[in-house]
Amino acid sequence: CIVPELLANNGTPIAEPVWFKAGAQIFADGGLDYLGNPSLVHAQSIVATLITQVVLMGLVEGYRINGGPAGEGLDKNYP
């Protein structure tokens, strides 16, 4: 998606608008500030971010497999 790059070119302060470099900001000294606001989400630990993502996706997939609205009639192993 080129939207972050267009925003950065038009004056919006985005630290790393290119998608394949944005994830590396979590290893910077200040961590990763979503939307440039440290009080919104301020991620400093890649391990905590990974655990959070695994837990959230596990809950969503569990809901889908157990009969959520998007999980009816699907194969449990290959959606």
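Definitions and limits used
Residue indices begin from 1 for each chain and proceed along its sequence in written order. The predicted nature of this model means local features are confined to residues of pLDDT at least 70 and side-chain atom pairs, given and counted, to a pLDDT of 80 or more, with totals for whole chains, interfaces and linings taken over all residues. Neither water nor hydrogens contribute to the side-chain values; these are computed over all heavy atoms in the structure. We count a stretch as a helix when DSSP gives it H or I for four or more residues in a row; a strand needs E for two or more, and each element gets its number in order from the N terminus. For every residue, the accessible area obtained with a 1.4 Å probe (protein chains only) is divided by the maximum for its type, and the residue is called buried under 20%, exposed over 50%, and partly exposed between those limits. Note on contacts: a residue pair qualifies if any of its non-hydrogen atoms lie within 4.5 Å across the two residues.

Sorry, what's going on with the overall build of the protein here?
What the protein contains, in helices and strands, is three helices and two strands. Taken from the N to the C terminus, the helices and strands of the protein come in the order α-α-β-β-α. Out of the 79 residues in the protein, the part that is buried amounts to 10%. Considering only contacts within the protein whose residues lie at least 6 apart along the sequence, 0% involve residues at least 24 apart.

Can you help me understand the environment of Gly30 in this one?
The residue Gly30 is located in the loop between helix H2 (19-22) and strand E1 (32-33) in this model. For Gly30, a relative accessible area of 42% gives the class partly exposed. For Gly30 and Gln44, which are 14 residues apart along the polypeptide, the C-alpha to C-alpha distance reads 7.3 Å. Setting aside residues up to four positions removed in sequence, Gly30 forms contacts with His42 and Gln44.

Whenever I open this one, the environment of Ile26 confuses me. Can you help?
Along the chain, the position of Ile26 falls in the loop between H2 and E1. Residues Ile26 and Thr49, spaced 23 residues apart in sequence, show a C-alpha to C-alpha distance of 9.4 Å. In this view, Ile26 contacts Gly31, Leu32, Ala43, Gln44, Ser45, Ile46 and Thr49; residues no more than four positions away in its chain are not counted.

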